[in-house]
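The chain contents come next:
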Amino acid sequence: MRRPLSDSEATARLIGPFAQLVTLEGLPLKGSLRDEQLIVREAVGIRVRGSEIMEIGPFERLAREARTEKIEIVELPGGRVGVPGFVDAHTHSCFAGSRARDYALRNSGSTYLEIAKAGGGIWDSVQQTRMAPPEVLEALLLKRIHRFLNAGITTLEVKSGYGLSVSEELKMLRVIRSASEKTEMDLVSTCLAAHTCPKDFQGSVPEYLQLLETELLPVLIAEGLTSRLDAFVEQSAFTPREIMPYLQKGKAVGFDLTLHADQFTTGGSGVAITCGALSADHLEASGPSEIQALAKSEVIATALPGASLGLGCGFTPSRALLDAGACLAIASDYNPGSAPMGDLLTQAALLGTFEKLSNAEVLAGITFRAAAALALKDRGRLVAGQKADIAVFQTDHYNEILYHQGQLRPVQVVKNGRLHLSKADSHES
Ligand code: NIG
Ligand code: FE
């Protein structure tokens, strides 16, 4: 959402050398991947102009040329491995308050309904987020963005969904837009006003969705606040039959769709396919027929291991989805309730361990395949013409990155062609 640099502002620089650069070039969008398919370039540099990769080639040659042309050289110490900056394609990073009580109650055996009755659940975050003034909400979001950037995430999706009224949803989406103007991070916002029917709404579920359709969607369009709609399709939120007209209307007026689908019960992934959604996220409950249907469709299956770890339930059947030929993205689902960890690299590595995914499949899931879930074609691979967003690790082999299950952090992050120095990572929310 930042103003693009003009040609004269677009500085050329050479970044390197990289002992290894895992480019992810040439890999297909869908289906399983073997590590042998990864293209790993050694002793290379990346010549950028502004935020774009111009050339990747032997560092020695590029450095000679750069010196002749007086191009800035950002010289990295030896033993650095670069991978595309990570894309976290599903988060609820805009919220106020904590749900630590839910966590304790869940682990002591309370059910979802009991927790909701005790004042927890999504509604608790709605009340805490509604109480927060926009500037407080924005400061919280910016702090989290800073942490994500240092963790190698260079594109971040952020949902609303803790407002659940026209004015409060607009407040959240305006906060996300305002934050995006103050950070290097590329933010992609999504309206999740259909997270659940709010407890204080005086009317039926269809009436709530009708209100969103008539009062909220036109403002989103008029203000250009977001081009994406999400909904939670679940027995405790919206049934397929209830949500379908809202999604179809949204699609008809130009929104891209993504869904919280098949988290506890099936039904949502079918809605995603019928509506032509970009992605169906969660899918922990998907069985063989849902997996086959997703694989045959163009809908991207997004696994959210952070929610499985947060709730203590099974992982998305990622191996089966890939083997069936689906496109698998992996996102953190960072939220105060079910996924408070907010650490994409750790979660993706753990998903790989439990679901037996190749490193190529995990890396693809948090780079170009995740970018595709956001309809972004300009990032996620390190090749000329793509965005110069790079997570840089201090190691001599890319296998070390996932092997350490999130404990090996990037030492540097290149965002839009500029070095963003990684700082000590504070895990405050
Ligand atoms: O993605 N499943 C629904 N929504 C969120 C949880 C939000 C919350 O509990 O606050 C999710 O897991
Ligand atoms: Fe979510």
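This one's a predicted model, so the numbers in the text were calculated from it and none came from an experiment.

Draft legend 1. Expanded view of the packing of aromatic side chains. What the rule picks out here adds up to 5 aromatic pairs. Each ring, one from Phe148 and one from Tyr334, has its centre 5.5 Å from the other, and the planes form 85°; the classification is edge-to-face. Of the two residues, Phe148 sits in helix H5 (residues 134-150) while Tyr334 sits in the loop between strand E13 (328-330) and helix H13 (344-355), which places them 186 residues apart along the sequence. Take Phe148: its relative accessible area is 1%, and that puts it in the buried class. With a relative accessible area of 2%, Tyr334 lands in the buried category. A centroid spacing of 5.4 Å and a plane angle of 65° characterise the contact between Phe201 and Tyr208, whose relative ring orientation is edge-to-face. For Tyr208, a relative accessible area of 1% gives the class buried. Through a chain of ring-to-ring contacts, the aromatic side chains of Phe95, Phe148 and Tyr334 assemble into a single cluster. When the ring centre of Phe95 is taken as reference, the NZ or CZ atom of Arg144 above it lies at 3.7 Å. Seen from the ring of Tyr334, Arg147 lies directly overhead, with NZ or CZ sitting 5.4 Å from the centre.

Draft legend 2. A look at the packing of H5 against helix H6 (residues 166-180). Across the interface, H5 lies against H6 with an axial gap of 9 Å and an inter-helix angle of 50°. With respect to each other, H5 and H6 are oriented oblique. Seen along the crossing, H5 lies across H6 with a hand that is right-handed. Note on element contacts: H6 touches H5 through Lys171, Met172, Val175, Ile176, Ser178 and Ala179, opposite Pro134, Leu137, Glu138, Leu141, Leu142 and Ile145. The residue makeup of the contact of H5 with H6, split by class, is 9 nonpolar, 1 polar and 2 charged.

Draft legend 3. Expanded view of unusual backbone geometry. Gly16 connects to Pro17 through a cis peptide bond whose omega is 0°. Along the chain, the position of Pro17 falls in strand E1 (residues 12-22). The backbone of Gln405 sits at a positive phi, close to 50°, despite the residue not being glycine. Its place among the elements puts Gln405 in the loop between helix H16 (399-403) and strand E15 (412-415).

Draft legend 4. Representation of the nonpolar core within the structure. Grouped together as the largest cluster of nonpolar side chains are 96 residues, with contacts concentrated most on Phe86, Leu220, Ile243, Tyr246 and Leu247. Here the element with the most residues in this core is H6; it accounts for 7 residues. Domain assignment of the residues forming this core places at least three in each of domain 1 (12-84 + 381-421) and domain 2 (87-373). Core analysis: the second largest hydrophobic core is formed by 15 residues, Val48, Ile56, Ala388 and Val414 among them.

Draft legend 5. Region of the structure containing the pattern of salt bridges. For the structure on display, the rule yields 24 salt bridges. Across the pair Glu223 and Arg177 runs a salt bridge, and its minimum N-O distance is 3.9 Å. Placement of Glu223 in helix H7 (residues 205-223) and of Arg177 in helix H6 is noted, with a sequence separation of 46 residues between them. We classify Arg177 as partly exposed; its relative accessible area is 24%. Look at the salt bridges and you will find they share partners, linking Asp186, Asp378, Arg379, Lys387, Asp389 and Lys415 into a network.

Procedures and definitions
- Along every chain, residues carry numbers that run from 1 in the direction the sequence is written.
- The lettering of chains begins at A and the numbering of ligands begins at 1, in the order of writing.
- This being a predicted model, a pLDDT of at least 70 is required before a residue's local features are given, and a value of 80 or more before pairs of side-chain atoms are given or counted; all residues contribute to the totals for chains, interfaces and linings.
- Only hydrogens and water are set aside; all other atoms, that is, all heavy atoms of the structure, feed into the side-chain values.
- The criterion for an aromatic pair is that two Phe, Tyr or Trp rings (for Trp, the six-membered ring) have centres within 6.5 Å, with stacked assigned to planes under 30 degrees apart, edge-to-face to planes over 60 apart and tilted to the rest.
- To qualify as a helix, a DSSP run of H or I must reach at least 4 residues; to qualify as a strand, a run of E must reach at least 2; elements of each kind are numbered from the N terminus.
- Only protein chains enter the accessibility calculation, which uses a 1.4 Å probe. A residue is then buried if its area is under 20% of the maximum for its type, exposed if over 50%, and partly exposed in between.
- Whether a charge sits over a ring comes down to the Lys NZ or Arg CZ being within 6 Å of the ring centre and within 35 degrees of the ring normal.
- All axes are obtained by fitting lines to C-alpha atoms, using only the stretch in contact for helices, and the reported angles, taken between N-to-C directions, cover 0 to 180 degrees.
- Each angle receives one of four descriptions, namely roughly parallel if under 35 degrees, roughly antiparallel if over 145, roughly perpendicular if within 65 to 115, and oblique otherwise.
- The sense of a crossing depends on the near helix, which, turned anticlockwise from the far helix by less than a right angle, makes the crossing left-handed and, turned clockwise, makes it right-handed.
- Throughout, a residue-residue contact means that at least one pair of heavy atoms, one from each residue, lies within 4.5 Å.
- Under the scheme applied, nonpolar residues are Ala, Val, Leu, Ile, Met, Phe, Trp, Tyr, Cys and Pro; charged residues are Asp, Glu, Lys and Arg; polar residues are all the others, including Gly.
- Throughout this description, the term nonpolar core refers to a set of buried Ala, Val, Leu, Ile, Met, Phe, Trp, Tyr and Cys residues connected via side-chain atoms within 4.5 Å.
- For every domain, the bounds stem from an assignment made automatically or drawn from a database.
- For this document, the term salt bridge refers to a Lys or Arg side-chain nitrogen within 4 Å of an Asp or Glu carboxyl oxygen.

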